[in-house]
Amino acid sequence: MTLETVSENRSHGGTQGVYTHQSAETGTEMTFSVFVPEHVPGTKMPVLWYLSGLTCTHANVTEKGEFRAACAEHGIIFVAPDTSPRGDDVPDDEAYDFGKGAGFYVDATEAPWADNFRMRSYIETELPEVVAKHFPVDMARQGITGHSMGGHGALTISLRNPGRFVSTSAFSPIVSPLSCPWGEKALTGYIGADRDKWREYDACALIEDGARLTDLLVDQGKADTFLQEQLKTNLLDQACRNADMRAAIRMQEGYDHSYYFISTFMAEHIAWHAERMKR
């Protein structure tokens, strides 16, 4: 669990850092960012995990997410991992939506991906252990959010781990990989052709199969060009209604899939998480 510091910068009274460590799960060096608000030494603070989308790294939200002022106000640590393993020896694909930058937060079982593409175990198990060892986090007060592919990751990880996260939200999530081209390509490649094995990586299927969240916040831009073919927010809305699961799924007029959209609603999401973390 040795941690190497890439950079640390003072921001909003706290520290924005970027760090690397050698991952046992992926077999590679992994990079992640952490914002730690100013605090009294010895204080443990709640933590919000943010999972990024296709083609992204930790840097996208760290540089464009506009989360630090809200996290400083509410005393929340913000952790942003990478989206996949990296390195010259890691298999890749020429397409943007598969391979490096497109780990889909699954544990791959198919060659040549199975050795390195273990993002589910990395996010669910290994990285939390690293963060808990090196940062003043209160692991009893965790929230999770994410964007697009990372929204898919946030929803499925929270649904599979009942009680771990006190709050779950998402921006423009892929709600059903079983039902969209991005998901079908990724899960076929990483998991294989047996669609029954995909259900644990599909938020709508998990809800249909009995998984529940106590509360959920989703923001989706109505001008998002991926909405109809890839994201299909209506499927999540229907799954939540069928399960009588409380969810605020908000369709935002005029907003697209970009960080202009995410940054607009980021502070509101953080405040929403903070309210639940205080309960």
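The sections below set out a description of the structure shown in this document. Small disclaimer: the values here were computed from a predicted structure and weren't measured.

**Some points on the overall build of the protein chain**
If you tally the helices and strands in the protein chain, you get 9 helices and 9 strands. Here the protein chain holds 279 residues, and the buried ones make up 60% of them. Across the protein chain, contacts joining residues at least 24 apart in sequence account for 71% of those joining residues at least 6 apart. Total accessible area on the protein chain is roughly 11400 Å²; 46% of this is exposed by carbon and sulfur atoms. Here the protein chain carries 25 positive and 39 negative side-chain charges, and the mean point of each set is 6 Å from the other.

**Description of the environment of Gly151**
Here Gly151 shows up in helix 4 (residues 149-160). Taking the C-alpha atoms as reference points, Gly151 and Phe98, 53 residues apart in sequence, are found 17 Å from one another. Not counting residues up to four positions away in its chain, the partners in contact with Gly151 are Leu51, Gly146, Ala170 and Pro173.

**So, the pattern of salt bridges**
All told, the structure shown has 19 salt bridges when counted by the stated rule. A salt bridge links Arg199 to Asp209; the shortest N-O distance between them is 2.9 Å. With Arg199 in the loop between helix 5 (181-191) and helix 6 (203-208) and Asp209 in the loop between helix 6 and strand 8 (217-221), the pair connects residues that are 10 residues apart, well separated along the chain. Since its relative accessible area comes to 26%, Arg199 is described here as partly exposed. Across the pair Glu253 and Lys222 runs a salt bridge, and its minimum N-O distance is 3.3 Å. On the criterion of sequence distance, the pair formed by Glu253 in the loop between strand 9 (248-252) and helix 9 (259-277) and Lys222 in the loop between strand 8 and helix 7 (227-231) is long-range, its members being 31 residues apart. One network of salt bridges, with partners in common, ties together Asp215, Arg246, Glu275, Arg276 and Arg279.

Cut-off values and rules
Residues numbered from 1 in each chain as written. Predicted model: local features only at pLDDT ≥ 70, side-chain atom pairs only at ≥ 80, totals over all residues. Heavy atoms only, no water. Helix = DSSP H or I, 4+ residues; strand = E, 2+ residues; numbered from the N terminus. Buried < 20%, exposed > 50% of the residue type's maximum accessible area, 1.4 Å probe, protein only. Contact = heavy atoms within 4.5 Å. Areas by Shrake-Rupley, 256 points an atom, 1.4 Å probe, with all protein chains shown as cover. Lys, Arg positive; Asp, Glu negative; His and termini not counted. Charge placed at Lys NZ, Arg CZ, Asp CG, Glu CD. Salt bridge = Lys/Arg side-chain N within 4 Å of Asp/Glu carboxyl O.

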